[in-house]
Amino acid sequence: MKRLTAFACGCILSLGLPLGVLPASAQSAVLEAGTLTCNVAGGGSFIVGSTKRLNCDFAGTGGQRDRYVGEISKIGLDLGVTGGGVIVWTVLAASNDLQSGALSGSYSGVGAEAAVGVGGGAKVLVGGSNQTISLQPLSLKGGSGLNVSLAVETMTLRAVR
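Residues numbered from 1 in each chain as written. Predicted model: local features only at pLDDT ≥ 70, side-chain atom pairs only at ≥ 80, totals over all residues. Heavy atoms only, no water.

## Structural notes on the overall build of the protein
Phase 1: When helices and strands are tallied, the protein shows one helix and eight strands.
Phase 2: Along its sequence from the N terminus, the protein presents helices and strands in the succession α-β-β-β-β-β-β-β-β.
Phase 3: Counting every position in the protein, which comprises 161 residues, the buried fraction comes to 43%.
Phase 4: For the protein, contacts bridging at least 24 residues in sequence account for 75% of all contacts bridging at least 6.
Phase 5: Here the protein has roughly 7,800 Å² of accessible surface; of this, 61% comes from carbon and sulfur atoms. (Helix = DSSP H or I, 4+ residues; strand = E, 2+ residues; numbered from the N terminus. Buried < 20%, exposed > 50% of the residue type's maximum accessible area, 1.4 Å probe, protein only. Contact = heavy atoms within 4.5 Å. Areas by Shrake-Rupley, 256 points an atom, 1.4 Å probe, with all protein chains shown as cover.)

## Comments concerning a nonpolar patch on the surface
Phase 1: A contiguous nonpolar patch, built from Leu77, Leu79 and Leu150 and spanning about 240 Å² of accessible area, is present on the exposed surface.
Phase 2: Summarising the element assignment, Leu150 is placed in strand E8 (residues 141–160). (Patch = residues over 30% accessible without salt bridge, like charges linked within 9 Å, V, L, I, M, F, W, Y side chains within 5 Å. Salt bridge = Lys/Arg side-chain N within 4 Å of Asp/Glu carboxyl O.)

## Re the nonpolar core
Phase 1: Ranked by size, the top nonpolar core spans 22 residues in total, and within it Leu36, Val91, Leu103, Met155 and Leu157 carry the most contacts.
Phase 2: Sorting the residues of this core by element identifies strand E1 (31–40), strand E3 (49–60), strand E4 (65–82), strand E5 (85–93), strand E6 (105–127), strand E7 (133–135) and E8 as the ones contributing at least two each.
Phase 3: Excluding anything up to four places from it in sequence, Val91 contacts Leu31, Glu32, Ala33, Gly34, Thr35, Leu36, Phe58, Leu98, Leu103, Ile133, Ser134 and Leu135. (Core = buried A, V, L, I, M, F, W, Y, C linked by side-chain atoms within 4.5 Å.)

## Remarks on the environment of Ala33
Phase 1: Within the secondary structure, Ala33 sits in strand E1.
Phase 2: Each C-alpha atom of the pair Ala33 and Leu98 lies 7.0 Å from the other, and the pair is 65 residues apart in sequence.
Phase 3: The contact partners of Ala33, leaving out residues within four places of it in the chain, are Phe58, Ala59, Gly60, Thr61, Val91, Ala93, Ser95, Asn96 and Leu98.

## What about the state of the cysteines?
Phase 1: Counted by the stated rule, this structure contains one disulfide.
Phase 2: Note on cysteine connectivity: Cys38 is disulfide-linked to Cys56, with sulfurs 2.1 Å apart. Looking down the S-S bond of the Cys38 and Cys56 bridge, the torsion is 110 degrees, so its handedness is right-handed. In this pair, Cys38 sits in strand E1 while Cys56 sits in strand E3, placing the two residues 18 residues apart along the sequence. (Disulfide = S-S within 2.5 Å.)

## Structural notes on the pairing of E1
Side-chain positions along a regular strand alternate between the two faces of the sheet.
Phase 1: The pairing of E1 with E5 spans nine bridges and is classified as antiparallel. Its bridge partner being in E5, Thr35 is matched across the sheet by Thr90.
Phase 2: Where E1 and E3 come together, seven bridges link them in antiparallel fashion. By the bridge assignment for E3, Val40 is matched with Leu54. (Pairing = 2+ DSSP bridges.)

## Describing the environment of Ile133
Phase 1: By the secondary structure assignment, Ile133 is in strand E7.
Phase 2: Once the C-alpha coordinates of Ile133 and Ala94 are considered, the two residues, 39 residues apart in sequence, prove to be 7.5 Å apart.

## Focus on the side chain of Thr90
Phase 1: You can see Thr90 is positioned in strand E5.
Phase 2: Note on Thr90: relative accessible area 17%, which makes it buried.
Phase 3: Ignoring sequence-local partners within four residues, the contact set of Thr90 consists of Glu32, Gly34, Ser134, Leu135 and Gln136.

## Quick word on the confidence of the model for the protein
Phase 1: Mean pLDDT for the protein: 74, with 63% of residues reaching 70 or above.
Phase 2: Every residue in residues 1–27 is under pLDDT 50, and counting partners more than four places away or in other chains gives 43 contacts. (pLDDT = per-residue confidence, 0-100.)

Dropping the structure here:
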C-alpha cells in the first residue's frame, strides 16, 4: 500500500508539475475558500480512460454549504476495477467568500492512482468560475480495488439547488 501510494504521488511529481498550478490571473491572491468532499462511484476502466459519477458537498470557510453533482473522466492509462471512494480537496480561490454555486464548471489537470486492495493517488485540478478556482494541488483519494492510472483528468460540477 505505501509503495503504491508513493508510486502514484511520484508519477505526479515526475511530470514536473509545480505545486502552484493556478493560472497567472489567479495567482495574485489565493485564499482558502473551504473544503470540497466528493463521493466517487466505483466501476471499471478501459485502458484509455473512464468516467465516474460524483456527489459532492462544499463547506465554505464562512459556513456556506453547497451540494454538487458531476463526473470525473480520465484519458490515458487507466486499467482495473475500483470500488467507490472519497476525494477531499481544499478549495483555493481569489476570494474566501464564494457565491452559491461558484464551483460549478469544468476542471482539468493530471492524476495518478494505484490500488491493490486499498489504494491512493494524487490529482492536480484547476477550473471553475473563469478558471480561477483550484482544488488543492495534491489531494488523496481513498478507495479500493485493483487499478493503476496515469491520465489527464477532467471534472465537471453542477450545483444542486
